[in-house]
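# A structural walkthrough
Listed here are the chains, written in short residue letters.
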Amino acid sequence: MTATARPTTFLVQLTDLHIREPGRLAYRRIDTAAYLRATVAAVGRLVQPPDAVVVTGDLTDFGRPAEYAYLRELLAPLPMPVYLMPGNHDDRANLRAGFPDHAYLGTGPFIQYTADIGGLRLVALDSVTPGHGHGELCPARLDWLEAALEASRGRPVVVALHHPPFATLIGHMDRQGLLEGAVRFEAIVARHPNVERVVAGHVHRAVDARFGGTIACTSPAPAHAVFLDLAEDAASQWVLEPAQFRMLAQPAAGPLVTHLVSSGRAEGPYPFYDNGTLID
């Protein structure tokens, strides 16, 4: 009897939700909850339903209990498992209290865990430095990562964290990027060629770079984006660009691929051909 081929695993990455209490706007202008509702609806419209969703930090804007309660309500329509991670705007204790049924959040000083999602293993790494915007990976966190990757040999892995481990060339964001541990992090990843992707958030844009023999990338946010200005002294500004998120697809054989998906509704789909003839 021929074994049934393992299907492709689909993992959606959301990031930088910045949810505030109901009725409160970010920067006095942005209804982040409305944008998240649109993104959740877009995830629900995907032709291939994702096996899980991972949210790579900045779940809320101030880490307040009421913000996590509202976030829980906004994420409730998602029928698949949702894995949460902290960012520099989050509070670990309040996140755990707001999602007590998410046992993977643990009880230790960091929120780090692994999760098997179809044919893919997610390794979640905590880069938060409480009270600061920048990220750090201390020796204890990197020791944990090394052990987690050793235990994951032979299967495709996605490593997720909030702060990107590479320079984005957006000066004001790089100054609050991953300021400690990036060199050792890259060396650890390089020793594990089964790491298919390193995914991060923080910069509210899609950015890709070579990293440790694989690809590291960030994802856009559901609401505001960081304005794209690559001057070293560029001002810290935001802009409302069309919202997108990443979908990662790991086939049974072959490399992982990622797609950027629009959160908005678009016309179509329309056929290219009519009865085998290209429509002119």
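Report on the accompanying structure.

At a minimum axis distance of 10 Å, the contact between helix α4 (residues 139-150) and helix α6 (residues 182-190) shows a crossing angle of 5°. When the axes of α4 and α6 are compared, the pair comes out roughly parallel. Listed contacts from α6 to Pro139, Leu142, Asp143, Leu145, Glu146 and Leu149 of α4 are Arg184, Phe185 and Ile188. Of the residues contributing to the contact of α4 with α6, the split by class is six nonpolar, no polar and three charged.

Next up on the list: the sheet that holds strand β5 (residues 120-124). Strands sit in the order β4-β5-β7-β9-β11-β10 across an open sheet of six strands; the sheet is mixed. Single-partner strands in this sheet number two, and they are β4 (113-117) and β10 (207-211). Recorded for the sheet is a direction-independent mean angle of 20° between the axes of neighbouring strands. Pairing geometry for β4 and β5, over five bridges, is antiparallel. Following the sheet pairing, Ala115 is matched in β5 by Leu122. Here α4 sits on the sheet in contact with β4, β5, β7 (157-160) and β9 (195-200), set at roughly 170° to β5.

On the surface, Leu169, Leu228 and Leu230 cluster together into a nonpolar patch covering about 310 Å² of accessible area. According to the relative accessible area criterion, Leu228 is partly exposed, its value standing at 47%.

Before going further, it helps to spend a moment on helix α2 (residues 65-75). Regarding α2, the residues found buried are Glu67, Tyr68, Tyr70, Leu71, Leu74 and Leu75. Projected onto a plane normal to the axis of α2, the buried residues spread over an arc of 160° and lie on a single side. α2 presents Pro65 and Glu73 as exposed residues on the side facing more than 90 degrees away from its buried surface. Buried-residue contacts for α2 involve α1 (32-44), β3 (82-85) and α3 (92-98).

Here the focus is the packing of α1 against α2. Two elements in contact, α1 and α2, have axes whose closest approach is 10 Å; the angle formed by their N-to-C orientations is 30°. One finds that α1 runs roughly parallel with respect to α2. Between α1 and α2 the crossing geometry is right-handed. Across from Ala33, Leu36, Arg37 and Val40 in α1, the residues of α2 making contact are Tyr70, Leu71, Leu74 and Leu75. The residue inventory of the contact of α1 with α2, partitioned by class, reads seven nonpolar, no polar and one charged.

If you trace the backbone, Glu180 turns up in strand β8 (residues 178-180). On the basis of relative accessibility, which here comes to 35%, the residue Glu180 falls in the partly exposed class. Remark: the alpha-carbon pair of Glu180 and Ala167, spanning 13 residues in sequence, is separated by 13 Å.

Looking now at the packing of aromatic side chains. Applying the stated criterion across every chain yields a total of five aromatic pairs. Ring pairing ties together the aromatic residues Tyr83, Tyr104 and Tyr113, which thus form one cluster. Stacked on the ring of Phe62, the Lys or Arg Arg64 has its end atom at 4.3 Å from the ring centre.

Taken as a whole and assessed by the stated rule, the structure comprises 15 salt bridges. Linking Glu21 and Arg64 is a salt bridge whose minimum nitrogen-to-oxygen distance equals 3.5 Å. Taken together, the residues Glu21 in the loop between β1 (9-14) and α1 and Arg64 in the loop between β2 (52-56) and α2 connect sequence positions 43 residues apart. Between Glu241 and Arg205 there is a salt bridge, and its shortest N-O distance comes to 3.1 Å. Of the two residues, Glu241 is situated in the loop between β13 (238-239) and β14 (244-250) and Arg205 in the loop between β9 and β10; the sequence distance between them amounts to 36 residues. With a relative accessible area of 13%, Arg205 lands in the buried category. Residues joined in a network through salt bridges with shared partners are Asp143, Glu146, Arg184 and Arg191.

Further remarks concern the nonpolar core. Judged by nonpolar contacts, the single largest core of 49 residues is most densely connected at Val53, Leu71, Tyr83, Leu84 and Leu122. Leaving out residues up to four positions away in the same chain, Leu71 has contacts with Leu17, Ile19, Leu36, Leu59 and Phe99.

What counts as what
Starting from 1, residues in each chain are numbered consecutively following that chain's sequence as written. Where totals are concerned, whole chains, interfaces and linings use all residues; where local detail is concerned, this predicted model gives features only for residues with pLDDT of at least 70, and gives and counts side-chain atom pairs only at 80 or more. Only hydrogens and water are set aside; all other atoms, that is, all heavy atoms of the structure, feed into the side-chain values. To get an axis, a line is fitted to the C-alpha atoms, and for a helix only the part in contact is used. The angle between two axes follows their N-to-C directions and goes from 0 to 180 degrees. By the criteria applied, helices consist of DSSP H or I runs no shorter than four residues and strands consist of E runs no shorter than two, each listed in order from the N terminus. We call two directions roughly parallel when the angle between them is under 35 degrees, roughly antiparallel when it is over 145, roughly perpendicular when it lies between 65 and 115, and oblique otherwise. Residues are treated as being in contact if the distance between any of their heavy atoms lies within 4.5 Å. Side-chain classes are defined by residue name, with Ala, Val, Leu, Ile, Met, Phe, Trp, Tyr, Cys and Pro counting as nonpolar, Asp, Glu, Lys and Arg as charged, and the others, Gly among them, as polar. Pairing between strands is defined by DSSP: at least two bridges between them are needed. Only residues above 30% relative accessible area that lack a salt bridge enter a patch, with like-charged residues linked at up to 9 Å and the nonpolar side chains Val, Leu, Ile, Met, Phe, Trp and Tyr linked at up to 5 Å. Values of accessible area rely on a 1.4 Å probe in the Shrake-Rupley scheme; residue burial ignores everything except the protein chains shown. Salt bridge, as used here: a side-chain nitrogen of Lys or Arg that lies within 4 Å of a carboxyl oxygen of Asp or Glu. Burial here depends on accessible area, computed with a 1.4 Å probe over protein chains only, as a share of the maximum for the residue type. Under 20% is buried, over 50% is exposed, and the range in between is partly exposed. An arc is given here, and it is the one of the directions from the helix axis to the C-beta atoms. Crossings are sorted by hand: turned counterclockwise from the far helix by less than a right angle, the near helix makes the crossing left-handed, and turned clockwise it makes it right-handed. Pairing of aromatic rings covers Phe, Tyr and the six-membered ring of Trp, with a centre-to-centre limit of 6.5 Å; geometry is then stacked below 30 degrees between planes, edge-to-face above 60, and tilted otherwise. The rule is short: NZ of Lys or CZ of Arg within 6 Å of the ring centre and within 35 degrees of the ring normal puts a charge over the ring. In these notes, a set of buried Ala, Val, Leu, Ile, Met, Phe, Trp, Tyr and Cys residues joined through side-chain atoms within 4.5 Å is what counts as a nonpolar core.

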